Structure formats: C-alpha cells, structure tokens
Amino acid sequence: MMVTELALGFAVGAIMALTGAGGGILAVPVLMFGLQLNVSQAGPVGLMAVGLAATLGAAAALPAGTVRYRAAILMSVSGMLLSPLGIWLSHRTDGRWLAILFSLLLFFVAYRSFRHARKQSQFNVQGAAGQAQEPTCLQNPRSGRFVWTARCMRALVLAGGIAGFFSGLLGVGSGFIIVPALQHFTGLAMQSVIATSLTVIALVSWTGVLFNYTSGSLDMDTALPFCTGAMAGMLAGRFMPHWLTEFQVQISFAVLSAVVATGMLLFSFA
C-alpha cells in the first residue's frame, strides 16, 4: 500500500510542479480513486500535501521580497478562523454531497484555467488593450505599500475567509480563490500575487492540518508516504524538460480537471 501512496503522491507533485500549488486540488480526487477514500478522509491528507508545497514555494519567494506580508497575514487570519468551521461541516455532511461539491469546484477550476490560457494567448498576440480598472487596494506611489482603507481590508478579509472555509471543507489549498482575489483587489505584479498567495495557502493549510490531526481525522499512515511522494514529484518535476508551453499546460490542466470532475460526478451518482 505504501508504494501506491508514494506513486500517487509523486504524480500529484509532478502536476503541482508544472501548474503551481493550484494543481494540488487534484490530490483529493487522486486519493479517492487511487485509495478508495471518501472526501472527508482524503481532504486532510491532500491539505497536508498542499500545505507542504505552498510552504516550500513561499520560502523560496522570501529572498526576492515579493511577499506582501500585511495582506498575507490579514487574509490568513480570517482563513484560519473559518477553516475549522469548514472541517466541522465536512464531518457532518454526507460524502456524496461533498463529492458533488468538489466536482463542481473542479469544473470551475477547469473553466478558469481554460479562460486564463485563452486570455494569455490573446494578450501575446494583440498586446494589452485598454486601461486597467483601479483596484480596491491602492498602493502608495512612493513606498509601494498598500493604503489600508476599510474597503480594502474588508475585501481581503472576505476573500481569505472564503478560502479558509473551502480549505477546511474540501481539503484544498484555495489558490483558486486567493490568486484571482489578489489580482482583482490589489493590482500587484503576478510574481507578488503568487508569492503572497502561497504564504496564505501555507498558513491556512497548516491550521487545517493541525485541527484535523488533533481531532483524529488525519491518517498519518496515509499522509506521510503520500506527502513524501508529492515532494519527490515536485522536485523531479522542476528538473524535467518542459516540452509544453504555458498555454498548453493550462489547457491540459483544464481538460484533466474537467475529466476528473466528470468522473467524480459519475462516481457520486453510481
């Protein structure tokens, strides 16, 4: 069994290396199909794998100074507060409904990945068109720091809280919420968006992992080999030659997410 868990973790880690921490959303379906776990069992294990990946990514971004600490802390605190609520609800919700919700979430991720790839392709061909809308969180032109208005803080707290809730409920890193929220509300450069989102994902994920561990919901016998495989897959994926362009990676991830989501729906109604 340990070999299977290592292999499944390696596959997820390789996908995460190609697509970023957002690829960790496939950890839960892989555990469900590969080890016959339900969502509430697979969620804590998948969350631990995503938490490790996000921690490594955030640590690697620290020397570059691209993490916006105040924004990350603000989003993380609200996420940490609502993550246990999601975990509590997941233990009291029928596994079939959780699987259906997860499949709908995967369809949404597939749509966003396809849309992002299409927009990026059009941008490369046509270039930037029009003036960007003024973000909710403005930056001081001299210092580059955010001007902390009540409107800005509300937006980040809400986004962080929603991300934390889904992180606890389904065992996902919630980068699919945090990344677009930071893009929409802050207007930060993509490098800073990714670094800040990884920091939030790491902090919120480890809160969920700790809560699951103390409540006895985290199966360490499954989690340790799976996470070891995921880390190995991430390291190996970074050294693999990238034959696919970013557009092709995004499209492939969108198709894979849609296929997995369809499989989860069929499995739920079987």
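Basis of the calculations
Residues numbered from 1 in each chain as written. Predicted model: local features only at pLDDT ≥ 70, side-chain atom pairs only at ≥ 80, totals over all residues. Heavy atoms only, no water. Helix = DSSP H or I, 4+ residues; strand = E, 2+ residues; numbered from the N terminus. Rg over C-alpha atoms; globule rule 2.2 N^0.38 Å. Disulfide = S-S within 2.5 Å. Buried < 20%, exposed > 50% of the residue type's maximum accessible area, 1.4 Å probe, protein only. Polar contact = N/O pair within 3.5 Å; in protein donor to acceptor, adjacent residues only side chain to side chain. Contact = heavy atoms within 4.5 Å. Phe/Tyr/Trp six-rings, centres within 6.5 Å; stacked < 30°, edge-to-face > 60°. Lys NZ or Arg CZ within 6 Å of the ring centre and 35° of its normal.

A short note on the overall build of the protein
- Secondary structure assignment for the protein yields ten helices and zero strands.
- Of the regular secondary structure in the protein, the N- to C-terminal order runs α-α-α-α-α-α-α-α-α-α.
- The C-alpha atoms of the protein give a radius of gyration of 18 Å, which matches the 18 Å a tight globule of 270 residues would have.
- Here the C-alpha coordinates of the protein stretch approximately 55 × 40 × 35 Å along the principal axes.

A word on the state of the cysteines
- Throughout the structure, instances matching the rule amount to one disulfide.
- The disulfide partner of C137 is C152, and the S-S distance across this bridge is 2.0 Å. Disulfide C137-C152: the torsion about the S-S bond is 100°, which places it as right-handed. Pair noted here: C137 is in the loop between α5 (95–126) and α6 (150–170) and C152 is in helix α6, with a separation of 15 residues, a long-range link.
- Its relative accessible area of 0% is what places C137 among the buried residues.

A look at the side chain of S174
- Mapped onto the elements of the fold, S174 is located in the loop between α6 and α7 (175–186).
- According to the relative accessible area criterion, S174 is buried, its value standing at 2%.
- A distance of 2.7 Å separates a polar side-chain atom of S174 from the backbone oxygen of A163.
- For S174, the contacting residues outside a window of four places in its chain are A163, F166 and S167.

With respect to the environment of G144
- With respect to the helices and strands, the residue G144 is situated in the loop between α5 and α6.
- Between the C-alpha atoms of G144 and P225, which are 81 residues apart in sequence, the distance is 43 Å.
- In this structure G144 touches R68 and Q139, once residues within four positions along its chain are discounted.

Digging into the environment of A155
- Topologically, A155 is positioned in helix α6.
- Separated by 61 residues in sequence, A155 and D94 place their C-alpha atoms 31 Å apart.
- Residues in contact with A155, not counting those within four places in the same chain, are T136 and F185.

Let's talk about the packing of aromatic side chains
- The final tally for this structure, using the stated rule, is three aromatic pairs.
- Aromatic side chains F33 and F267 sit 6.0 Å apart centroid to centroid with 85° between the ring planes, which places their arrangement in the edge-to-face category. Remark: F267 occurs in helix α10 (residues 246–269) and F33 occurs in helix α2 (residues 27–35); sequence separation between them is 234 residues.
- Judged by centre distance (5.7 Å) and plane angle (80°), the ring pair of F165 and F166 falls under edge-to-face.
- Residue class for F165 comes out partly exposed when judged on its relative accessible area of 21%.
- For F166, a relative accessible area of 22% puts it in the partly exposed group.
- Here R68 stacks its cationic end above the ring of F146, 4.7 Å away from the centre of that ring.

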